[in-house]
Amino acid sequence: MTKGTVKGIISNLVYVEVDGPVFQNEICYIDFHDIKLMAEVIKVAGNIAYTQVFESTRGLKPGNTVEFTDKMLQVKLGPGMLSKNYDGLQDDLNKMEGLYLKRGEYTDPLDEDSIWKFTPIAKEGDTVMAGDWLGSVPENWIDHKIMVPFLMEEKYRIKSIVPAGDYKITDTIAVVVDDEGNEYPLTMIQYWPVKLPIRAYQSKPRPFKTLETGIRTIDTLNPIAEGGTGFTPGPFGTGKTVLQHSISQNAEADLIVVAACGERANEVVELFTEFPELDDPRTGRKLIERTIIICNTSNMPVAAREASVYTAMSICEYYRSMGLKVLLLADSTSRWAQALREMSNRMEELPGPDAYPMDLPAIISNFYARAGYVYLNNGQIGSITFIGAVSPAGGNLKEPVTESTKKAARCFYSLSQERADSKRYPAIDPIDSYSKYLEYEEIQDYLNQNISAGWVDKVYKAKDILLRGKEAKDQINILGDDGVPLDYHSRFWKSELIDRVILVQDSFDPVDKSSSMKRQAYMLNLLLKICNTEFDFESYEELQPFYSRVINVLVQMNYQSFESDKFKEYEAQLESILTERRV
Amino acid sequence: MAGTAFQKIYTKLTQITKATCTVQATGVGNEELATVGGRLAQVVKIIDNKVTLQIFEGTEGIGTDAEVIFYGKPPTLKVSEQLAGRFFNAYGDPIDGGPEIEGEEVEIGGPSVNPVRRRDPSELIATGIAGIDLNNTLVTGQKIPFFADPDQPYNQVMATVALRTKADKIILGGMGLSNDDYLYYKNSFENAGVIDKIIAFINTTDDPPVERLLVPDMALSAAEYFAIQKNEAVLVLLTDMTLYCDALSIVSNRMDQIPSKDSMPGSLYSDLAKIYEKAVQFPTGGSITIIAVTTISGGDITHAIPDNTGYITEGQLYLRRDTDIGKVIIDPARSLSRLKTKVIGKRTRADHPQVMSASVRLNADAMNARTKLENGFDLTDYDQRALQFSRDYAEQILAIDVNVDTEEMLDKTWALFQKYFTPEEVGIKDEFMKLYWKKE
Ligand SMILES: Nc1ncnc2c1ncn2[C@@H]1O[C@H](COP(=O)(O)OP(=O)(O)OP(=O)(O)O)[C@@H](O)[C@H]1O
Ligand SMILES: [Mg+2]
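Conventions and cut-offs
Residues numbered from 1 in each chain as written. Chains lettered and ligands numbered in written order. Predicted model: local features only at pLDDT ≥ 70, side-chain atom pairs only at ≥ 80, totals over all residues. Heavy atoms only, no water. Domains from an automatic or database assignment. Contact = heavy atoms within 4.5 Å. Buried area = accessible area lost by both parts, 1.4 Å probe. Salt bridge = Lys/Arg side-chain N within 4 Å of Asp/Glu carboxyl O. Helix = DSSP H or I, 4+ residues; strand = E, 2+ residues; numbered from the N terminus. Nonpolar A, V, L, I, M, F, W, Y, C, P; charged D, E, K, R; others polar. Expected span 1.5 Å × (residues − 1). Buried < 20%, exposed > 50% of the residue type's maximum accessible area, 1.4 Å probe, protein only. Core = buried A, V, L, I, M, F, W, Y, C linked by side-chain atoms within 4.5 Å. Polar contact = N/O pair within 3.5 Å; in protein donor to acceptor, adjacent residues only side chain to side chain. Pairing = 2+ DSSP bridges. pLDDT = per-residue confidence, 0-100. Phe/Tyr/Trp six-rings, centres within 6.5 Å; stacked < 30°, edge-to-face > 60°. Lys NZ or Arg CZ within 6 Å of the ring centre and 35° of its normal. Axes fitted to C-alpha atoms, helices over the stretch in contact; angles between N-to-C directions. Near = heavy atom within 4 Å. Areas by Shrake-Rupley, 256 points an atom, 1.4 Å probe, with all protein chains shown as cover.

Q: Can you help me understand the domain arrangement of chain A in this one?
A: Interfaces are frequently sized by the accessible area removed from exposure as the parts join. Residues and elements named next belong to chain A. Entries for chain A in the domain assignment read domain 1 (3-72), domain 2 (111-188), domain 3 (210-431) and domain 4 (455-581). Distance between the C-alpha centres of domain 3 and domain 4: 31 Å. Taken residue by residue, the interface counts 19 residues in domain 3 and 26 residues in domain 4. Across the interface of domain 3 and domain 4, roughly 2100 Å² is buried in total on both sides, 52% from carbon and sulfur atoms. On inspection of domain 3 and its partner domain 4, the count reaches four salt bridges. With a closest N to O distance of 3.0 Å, arginine 216 and aspartate 512 form a salt bridge. Of all the secondary-structure elements, those providing two or more residues to the side of domain 3 that touches domain 4 are α1 (216-221) and α2 (240-250). Here the element with the most residues in the side of domain 3 that touches domain 4 is α1; it accounts for five residues. A class-by-class count of the residues in the side of domain 3 that touches domain 4 yields seven nonpolar, seven polar and five charged.

Dropping the structure here:
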């Protein structure tokens, strides 16, 4: 194995003089007193390897010895990851001792002594390849497939496989043989280098279904596809994290991986505290049972922050290969980009815009490309839907991370400062935001079939109303309330109706926080009906009191369980208010 | 914080900039402390035998033959109960004429708390100021700055807030504090008779700017001692973080780092996060709450300093002089405490969240009406009422000199709602309307 010696230290960038071959992204360990600090090679020049250390380098000295591992940064995959809290390098945070994170303490992501009920799927004599299902174990309520390791590149014949029964993850559950007769004993554990995508699938079709998030402004106006990608840029405090948390609670996915990347520790603590208590609205089980949290908060080492999103994505790919519907939420991918910038600046590389590395757009787009809907080799389907938060510097969307992400992600949910300031949460701007999927024919067909005939037209109709309302509002602001025709006021109030009743959603209300698609369809139909109704007004001053009452009743409906007696009571009230002025 | 344990002496400086110098030396550790010509310095970069140090007092008069003595350890602070009631400089040396502190020597800027060992903050901090308690409730373990223009009375407001809270210890980290403000804090603490729960680390405008870089870590190391060892609720006041950032940029620019936005170092976010993330609630009851001041120029919050701060802290408070009432208020429109949702309606009356958002919304309507007025448009009846509401609201509830409990703030707000609006305009859930909207 190659060895080296520390030559220089600038913050967490360490120059290592090496005595043999090293490769890009190779992991090495720096000896420091009685501990070892993990680092990754990020550039090689002559016999100097530039490494980024995943820990504080305080006290490190030139002359410290370094051992290379001949491996890239990898995750350890197997049953037992669900409900775990990992750091960016997949260390199990709960296994760490003491109050503080200790340098050089790396813990096992899996529980090697745990026992699992294994049921074989494949049988002796079967031909298998990477990603094929050998058997399964129940993990919480997921049918966790034990697969041929993704790193095994050949075709193999199963020589033996254990019968159903209880096994440790370290037990050999099958032996496979390659063409040359080499035998490989397989356990329930496998490893994968996080920076590479797992490609053990047949094909990746265009997404053709939507994924319900429970958030009306997304599902109704700009739906995201299952296996799709989206991102939420927004200035600080506009609601990116609240939105991600509420999607993580309500989205219809089998498994949620939350990557808290360079953000606040308290926000993660909130997940730790709430998820074991909160029910999954679809299954009634606890949310934590379908969740994996990867947290590398802003005060944790910067290099591990970059690693954290890859760790999260690799875990998603692993579960996708089991035929599951996985949702990955990353907050915030800007912090990951900033980690890249910090390193690139320390290496004195030629900077791109805003001092980010030149290849930032490529890095981001490669990452987003790992999401997607797949047909597995056995014909089953699996998906990773990915939604990333972006934190644009100065709230300016014309900055490199936002622009690069815009090229990579298909849904753009732009959080607006103005909406946040006026407490219109979620602050997704209905005019600037878009979902490319809404233009997909496959998705349109899916929506029209699964929600109601003509649904897509209705969605566009609602978007029109919002846009025309905004135009009318601008005119009113310029010309004054009585300087415009009455019709302008009516347009404005119709858009206000859709805005306040559909777009605005109270994430902290037990009922309103999540809307089923059935309910969303009902409400949109109801509102469009009101928008299509002609009302009688003498002067613009009559609109505000009338619409305030209409909106108020509709908002009360939002707070009631769908189709409950209360809900219907408000609906009846609504009807009588409407009757007052219906032409 | 100077030590004498194990020292190596070098005298060959190869480069000197305004804030840093480079010396040929071996066996030196990263972030190690040293003196250069008698001035404290810290290692920031090592390439082979070239060691770069940032010199806290600046490099004026430092010669290429200056004596460089390495201490073999990073900056430290001695912690014990003796810290209470004492004033120190940025190095942790007493400036109040009292004795040196005896206690355990800890490295400042130490490791992060394992997130799974934290507890979700849920203890409300009452201040009697409606701009905080009603609209932007603070919680122990929170970190939040005042975004203030340099001419606003932020130090006074912060001292008021600190004194009204029930913190066990108040730790003041002053960076580039004017001597007047320093004395103001000192006097307010003395007058309030709480000096024995104050600890201060002070860098004034008279002191060299780079020294400031030590202040937050000093203050927070002291805070960790009391929060962890003594399970105390510690409030840390950091003022002015903008001057701290300026010092950061001086050092990084001298080290030829490529500056990113507003000539701040690309690592500004991580640098600030390391400080603010020390705010924590422990399961054992100890906590560290950070209230900071970030001065902004011309209200520009897109500048890298307030921008990065906003992305790290849990909300921000804006001071505004309300010209209608001639008093300072905490601006309801732009201020935000992110952690308020953890306590309002749970630790306070159930109608609190709805009353808060309704009043903020109605107040925003008043702001729109004002814009209309300024643009020469006629006001509707609703606009007029919103304006009147907003004035009363500022005067009777928000003004910083009003000191009442949350229940009273809520009752007063309901009274104003009823005075100026219809139930529909207020738009609060029926269950609360039934309870608090008085029948005529
Ligand atoms: N849907 C919502 N309903 C009610 N309040 C909300 C909602 N979304 C956001 N907020 C309010 O806005 C605050 C900030 O939201 P959030 O933490 O999600 O912002 P953010 O965009 O993630 O900011 P940052 O970039 O600083 O992390 C919350 O603490 C809450 O008070
Ligand atoms: Mg956030």
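Q: Can you help me understand helix α10 (residues 455-479) of chain A in this one?
A: Residue pairs three or four apart in sequence face the same way in an α-helix, which turns once every 3.6 residues. All names here are of chain A. The end-to-end C-alpha distance of α10 is 36 Å, a good match for the 36 Å that 25 residues give at a rise of 1.5 Å each. Of the positions making up α10, those classed as buried are Trp455, Val456, Val459, Ala462, Lys463, Ile465, Leu466, Gly469, Ala472 and Ile476. Buried residues belonging to α10 abut α1, α9 (441-450), α11 (486-503) and α12 (517-531). Of the residues trailing α10, glycine 480 is marked for its positive phi of about 90 degrees.

Q: How do you make sense of the nonpolar core when you look at a structure like this?
A: Generally speaking, a soluble globular protein has its nonpolar side chains buried in company with each other. Counting 83 residues, the largest nonpolar core has Val257 and Tyr319 of chain A as the members making the most contacts within it. Here valine 257 of chain A is in contact with Ile292, Ile294, Ala312, Ile315, Cys316, Val326, Leu327, Leu328 and Leu329 of chain A, once residues within four sequence places are set aside.

Q: Got a minute to help me understand the environment of isoleucine 46 of chain B in this structure?
A: Residue position: isoleucine 46 of chain B is located in strand β5 (residues 39-47). What makes isoleucine 46 of chain B buried here is its relative accessible area of 0%. Separated by 21 residues in the primary sequence, isoleucine 46 of chain B and alanine 25 of chain B have C-alpha atoms spaced 9.4 Å apart. In this structure isoleucine 46 of chain B touches Lys7, Gly8, Ile9, Leu60 and Pro62 of chain A together with Val28, Gly29, Asn30 and Val51 of chain B, once residues within four positions along its chain are discounted.

Q: What is the right way to look at the interface of chain A and chain B in this model?
A: Of the residues lining the interface, 74 residues belong to chain A; the matching set on chain B comes to 74 residues. A combined buried area of about 6200 Å² lies between chain A and chain B, and 52% of that area is made up of carbon and sulfur atoms. Three residues stand out in chain A for area buried against chain B, namely Arg58, Phe236 and Asn266 of chain A, and they jointly supply 14% of the buried area on that side. Linking glutamate 107 of chain B and arginine 58 of chain A is a salt bridge whose minimum nitrogen-to-oxygen distance equals 2.9 Å. At the boundary of chain A and chain B, one finds 34 residue pairs in polar contact (both at pLDDT 80 or more). At the level of elements, β1 (3-10), α3 (265-274), α4 (302-320), α5 (333-346), α10 and α13 (543-559) of chain A are the ones that each hand at least two residues to the side of chain A that touches chain B. Of the residues assigned to the side of chain A that touches chain B, the class counts are 28 nonpolar, 24 polar and 22 charged. Taken together, the three bridges between β1 of chain A and β5 of chain B define a ladder with antiparallel strand orientation. Bridging from a neighbouring strand, isoleucine 10 of chain A pairs with lysine 45 of chain B of β5 of chain B.

Q: How do you make sense of the domain arrangement of chain B when you look at a structure like this?
A: Residues and elements named next belong to chain B. Per the domain assignment, the segments of chain B are domain 1 (9-70), domain 2 (76-123 + 138-323) and domain 3 (352-436). Computed over C-alpha atoms only, the centres of domain 1 and domain 2 are separated by 27 Å. Counting residues at the interface gives eleven residues for domain 1, matched by ten residues for domain 2. Together, the buried faces of domain 1 and domain 2 total about 990 Å²; carbon and sulfur atoms form 73% of this surface. Remark: the boundary between domain 1 and domain 2 carries zero salt bridges. Our enumeration of links across domain 1 and domain 2 arrives at one residue pair in polar contact (both at pLDDT 80 or more).

Q: Quick question: what am I supposed to make of the confidence of the model for chain B here?
A: Low-pLDDT portions of the prediction should not be read for the details of their coordinates. Looking at chain B, pLDDT values average 92 and 98% of them are 70 or higher. At the level of chain-chain contacts, confidence expressed as ipTM amounts to 0.91, with global pTM at 0.93.

Q: Any chance you could explain the packing of aromatic side chains here in plain terms?
A: Each aromatic ring pair is summarised here by two numbers: the centre-to-centre distance and the angle between the ring planes. Per the counting criterion, the structure on display carries 44 aromatic pairs over all chains. Ring geometry for phenylalanine 236 of chain A versus tyrosine 311 of chain B: centroids 5.6 Å apart, planes at 75 degrees, classification edge-to-face. Of this pair, phenylalanine 236 of chain A sits in the loop between β18 (229-233) and α2 while tyrosine 311 of chain B sits in helix α7 (residues 304-312), each in a different chain. Pairing phenylalanine 389 of chain B with tyrosine 393 of chain B gives two aromatic rings, centres 5.2 Å apart and planes at 15 degrees, and the pair type is stacked. One end of the pair is phenylalanine 389 of chain B and the other is tyrosine 393 of chain B, both in helix α9 (residues 381-398) and four residues apart, which spans about a single turn. Like tyrosine 393 of chain B, phenylalanine 389 of chain B is buried. Here a set of aromatic residues connected by ring pairs shows up, and it is made of Tyr382, Phe389, Tyr393, Trp414, Phe417, Phe421 and Tyr436 of chain B. Lysine 195 of chain A extends its terminal NZ or CZ atom over the ring of tyrosine 310 of chain A, reaching a point 5.4 Å from the ring centre. Across the ring face of tyrosine 440 of chain A, the terminal group of arginine 206 of chain A is positioned such that the distance to the ring centre comes to 3.9 Å.

Q: Looking at this structure, I do not really get the sheet that holds strand β14 (residues 165-168) of chain A. What am I missing?
A: As a general point, the strands of a sheet are linked pairwise by backbone hydrogen bonds and lie either parallel or antiparallel. Residue and element names in this part refer to chain A. If you walk across this open sheet you meet the four strands as β12-β11-β9-β14, and the pairing is antiparallel. Of all the strands in the sheet, the pair left with one neighbour each is β12 (142-147) and β14. Each neighbouring strand pair of the sheet contributes to a mean axis angle of 45 degrees, computed without reference to strand direction. Sheet topology places strand β11 (residues 133-139) next to β12; six bridges connect them, and they run antiparallel. By the bridge assignment, valine 137 is partnered in β12 with histidine 144.

Q: I would appreciate a short explanation of the site of ligand 1 in the present structure.
A: Taken together, 17 residues lie around ligand 1, and Lys240, Thr241, Val242, Arg264 and Ser507 of chain A are the ones closest in. In the model, an oxygen atom of ligand 1 is placed 2.6 Å from a nitrogen or oxygen of the threonine 241 of chain A side chain. For ligand 1, an oxygen atom lies 3.3 Å from a polar atom in the side chain of tyrosine 425 of chain A. Coverage of ligand 1 by the protein amounts to 93% of the 630 Å² it exposes when considered alone. Elements represented by at least two residues in the shell around ligand 1 include exactly α2 of chain A together with α7 of chain B. With three residues, α2 of chain A is the largest single contributor of residues to the shell around ligand 1. For the shell around ligand 1, the residue count by class is seven nonpolar, six polar and four charged.

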